[in-house]
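Each chain, written out:
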Amino acid sequence: MSSTVTLPLWLALIIGALAIWAAFERIIVPAVRHLMRRRLNRAIDDLNTRLKLRIQPLKLAKRQALVDQLIFDPEVLRAIEAYASENRVSREAAQARARDYAQEIVPSFSAYAYFGVGIRLARWLSTFLYRVRLGYLDEQAMQAVDPDAAVIFVINHRSNMDYVLVTYMASSASALSYAVGEWARVWLLQNLIRTMGGYFVRRDSREPLYRKVLARYVHLAIAGGLTQAMFPEGGLTRDGKLRTPKLGLLSYMVSGFDPHGPRDAVFVPVGLNYDSVLEDRIQVAVVTPEGEKPRFKFSPAVLLGFIANRMKLRWQGRLYRYGYACVSFGRPVSLRRYCTEHGIDFRTLNENRRFAEVEQLGQMLMRKVGEVVPALPVSLVATVILGAPKPLSALELKGEVEILIRRLIAGGAHIHIPRADQDYAIEVGLRMLLLRHFILEENGLYRANPAEEIMLRYYANAISHLIENRATASIAAE
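Being a predicted model, the structure only gives us computed values, none of them experimental.

A. Up close: helix α4 (residues 74-87). For α4, spanning 14 residues, the distance from its first C-alpha to its last is 20 Å, which sits close to the expected 20 Å at 1.5 Å a residue. Residues of α4 that are buried include every one of V76, A79, I80, Y83 and A84, and no others. One side of α4 holds all its buried residues, which, seen down the axis, span an arc of 135°. Within α4, the exposed residues directed more than 90 degrees away from the buried face are R78, S85 and E86. Of the surrounding secondary structure, the elements contacted by the buried residues of α4 are α3 (63-71), α5 (91-105) and α10 (208-223). Between a side-chain oxygen at the N-terminus of α4 and the backbone nitrogen of E75 the separation is 2.9 Å; the capping residue is D73. One or two steps after α4, the chain reaches R88, where phi turns positive at roughly 55°.

In structure tokens, the structure reads:
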């Protein structure tokens, strides 16, 4: 039976377009997705043969699957019920709020974005701004870390460049997942951070439902062996000194840890120091009498303008980098061994005892971070100038810095001496401080600039804890 059916041209076009769309959606897209997934899996397998810490399956899981896993976690479900009851809202509304929190927290890691774009960008930006150096590294101890362990890099927080610098320096080890503050939740940047494996944290939030969702995600990350990086100080230093650790994120990491479980958690202390911190004046503003507490706000326009200006200076041959930036990695701390030695299981402790034990662990980790903070030329010269009772000649300054270096080395500190030349290191530190007018030269004598003493002290404070530790050790020995 055959007959001719006449259709309007517009209807024929619609039917044709729908047929093409169906073929594209049902045939072409799945085929391309399958091909890309195979290529991605091969790339991940290749990366895992080169990385010291393998990329765990959790990091490659679909983001929506992780969000659903969080929402239906038994503890989150109980928190949803409590939230609905306390705020007199429906369970569906409470669950929707929890889902919003999960969507905000859970990253969407992309291996291509991290290793193809992020690492290259971190390397370029770090070396564009600084002379980047690796300080101390205990290679044998790092190689002894179980590749399946959940490794957490514990870092002192001196600059927002810390994220970039550590990502670059740890690129041969693994892909890091950072807990990032709300300052980075701006258009485009937040999407980039998520694809790089970072997750956002509302540091000031006290809402029980949000804190429970965050706690369960952190527990999920530790149980899944995710390699993470954290700043226990919770924010940038204001006066250059190490800050007292905040315990929220650390508590989430250890509260559900099973010391007898299949996977260990290992903390790696990381110490950072810079000859010049990009946002040093913003930080110091908080400790001046008239200062207001600044809060860093990311501005793409400011960042692009800064990079454009630096590239212009490089083109003109007038670009000078901001001195040295140095990263040191301390001896790893096994949480399983720590629990065994102290006879504790964080899961079984009551709230007060658990807080006390977490506080003790946090202080110990912060001490170990402080021990590996490298002493750089600017910090060494600033310390000597501030401690001098009178202006110093160049010869006197070199002599005092050399004495300080010997004292620090005797105390176990790590000193970065550029080109293995102490005279050159002192000249570099002095030149940086003179260029920024933190030090004044008069008739061949050097002294602190009274108008910039707070800035000079900021850089001296970067290693003040090393000097205090040395003094404490000397008193104990006596």
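Still more to cover.
B. Structural context of the layout of surface pockets. By volume, the second largest pocket is sized at about 1,000 Å³. What lines the second largest pocket is a set of 32 residues, and nearest its centre among them are R211, L247, G248, S251 and Y252. Listing elements by their share of the lining of the second largest pocket, those giving two or more residues are α10, α11 (248-255) and α15 (351-371). Residues belonging to the lining of the second largest pocket are distributed by class as follows: 14 nonpolar, 7 polar and 11 charged.

C. Focus on the pairing of strand β3 (residues 177-180). The side-chain alternation of β3 yields two buried faces, one formed by S177 and A179 and the other by Y178 and V180. The pairing of β3 with strand β5 (residues 228-230) spans 2 bridges and is classified as parallel. Following the sheet pairing, S177 is matched in β5 by Q228. Across 2 bridges, the pairing between β3 and strand β4 (residues 199-200) is parallel. In the sheet register, V180 faces β4, and the bridge partner there is F200.

D. Region of the structure containing the packing of aromatic side chains. What the rule picks out here adds up to 8 aromatic pairs. Plain terms: the ring middles of Y163 and F231 are 5.1 Å apart, the flat faces sit at 70° to each other, and that makes the pair edge-to-face. Here Y163 is found in helix α8 (residues 161-169), whereas its partner F231 is found in the loop between β5 and α11, with 68 residues between them in sequence. The class for Y163 is buried, based on a relative accessible area of 10%. By relative accessible area, which is 6% here, F231 ends up buried. Here the aromatic rings of Y458 and Y459 are separated by 5.0 Å at their centres, their planes lie at 85°, and the arrangement is edge-to-face. No difference in accessibility class separates Y458 from Y459, as the two residues are buried. Here the aromatic cluster, defined as three or more aromatic residues joined through ring pairs, consists of Y130, Y274 and Y322. When the ring centre of Y324 is taken as reference, the NZ or CZ atom of R131 above it lies at 5.8 Å. Here R419 stacks its cationic end above the ring of Y424, 4.1 Å away from the centre of that ring.

E. Just a positive patch on the surface, in detail. A contiguous patch of positive charge on the surface is contributed by R131, R133, R321, R419 and R431. You can see R419 is positioned in the loop between α17 (394-410) and α18 (422-435). Judged by relative accessible area, which is 66%, R419 ranks as exposed.

F. A look at the nonpolar core. F153, I155, Y178, L380, V381 and L408 are the most contacted members of the largest nonpolar core, which totals 73 residues. With 8 residues, helix α6 (residues 111-129) is the largest single contributor of residues to this core. Y83, L335, L361 and L365 belong to the second-largest nonpolar core, a separate cluster that totals 55 residues.

G. Fine view of unusual backbone geometry. Here R88, not a glycine, exhibits a phi torsion of approximately 55°, which is positive. Relative to the assigned elements, R88 resides in the loop between α4 and α5. Non-glycine residue H437 carries a positive phi angle of around 65°. Here H437 is to be found in the loop between α18 and β10 (439-442). By relative accessible area, which is 52% here, H437 ends up exposed.

H. The arrangement of empty space enclosed by the protein in detail. Under the definition given, this model contains 2 cavities of 30 Å³ or more. Taken as a whole, the largest cavity spans an internal volume of roughly 40 Å³. Lining the largest cavity are V154, M230, P232, P245, L250, G362, L365 and M366. Per-element accounting of the lining of the largest cavity gives the leading share, 3 residues, to α15. Of the residues that constitute the lining of the largest cavity, the class distribution is 7 nonpolar, 1 polar and no charged.

Each value, and the rule that gives it
- Residues numbered from 1 in each chain as written.
- Predicted model: local features only at pLDDT ≥ 70, side-chain atom pairs only at ≥ 80, totals over all residues.
- Heavy atoms only, no water.
- Helix = DSSP H or I, 4+ residues; strand = E, 2+ residues; numbered from the N terminus.
- Expected span 1.5 Å × (residues − 1).
- Buried < 20%, exposed > 50% of the residue type's maximum accessible area, 1.4 Å probe, protein only.
- Arc of directions from axis to C-beta.
- Contact = heavy atoms within 4.5 Å.
- Polar contact = N/O pair within 3.5 Å; in protein donor to acceptor, adjacent residues only side chain to side chain.
- 1 Å grid on protein atoms, 1.4 Å probe; cavity = no way out; pocket = protein on both sides within 12 Å on 5 of 7 lines; lining within 4 Å.
- Points joined across faces, edges and corners; volume = space filled by probe spheres on them.
- Nonpolar A, V, L, I, M, F, W, Y, C, P; charged D, E, K, R; others polar.
- Pairing = 2+ DSSP bridges.
- Phe/Tyr/Trp six-rings, centres within 6.5 Å; stacked < 30°, edge-to-face > 60°.
- Lys NZ or Arg CZ within 6 Å of the ring centre and 35° of its normal.
- Patch = residues over 30% accessible without salt bridge, like charges linked within 9 Å, V, L, I, M, F, W, Y side chains within 5 Å.
- Areas by Shrake-Rupley, 256 points an atom, 1.4 Å probe, with all protein chains shown as cover.
- Salt bridge = Lys/Arg side-chain N within 4 Å of Asp/Glu carboxyl O.
- Lys, Arg positive; Asp, Glu negative; His and termini not counted.
- Charge placed at Lys NZ, Arg CZ, Asp CG, Glu CD.
- Core = buried A, V, L, I, M, F, W, Y, C linked by side-chain atoms within 4.5 Å.

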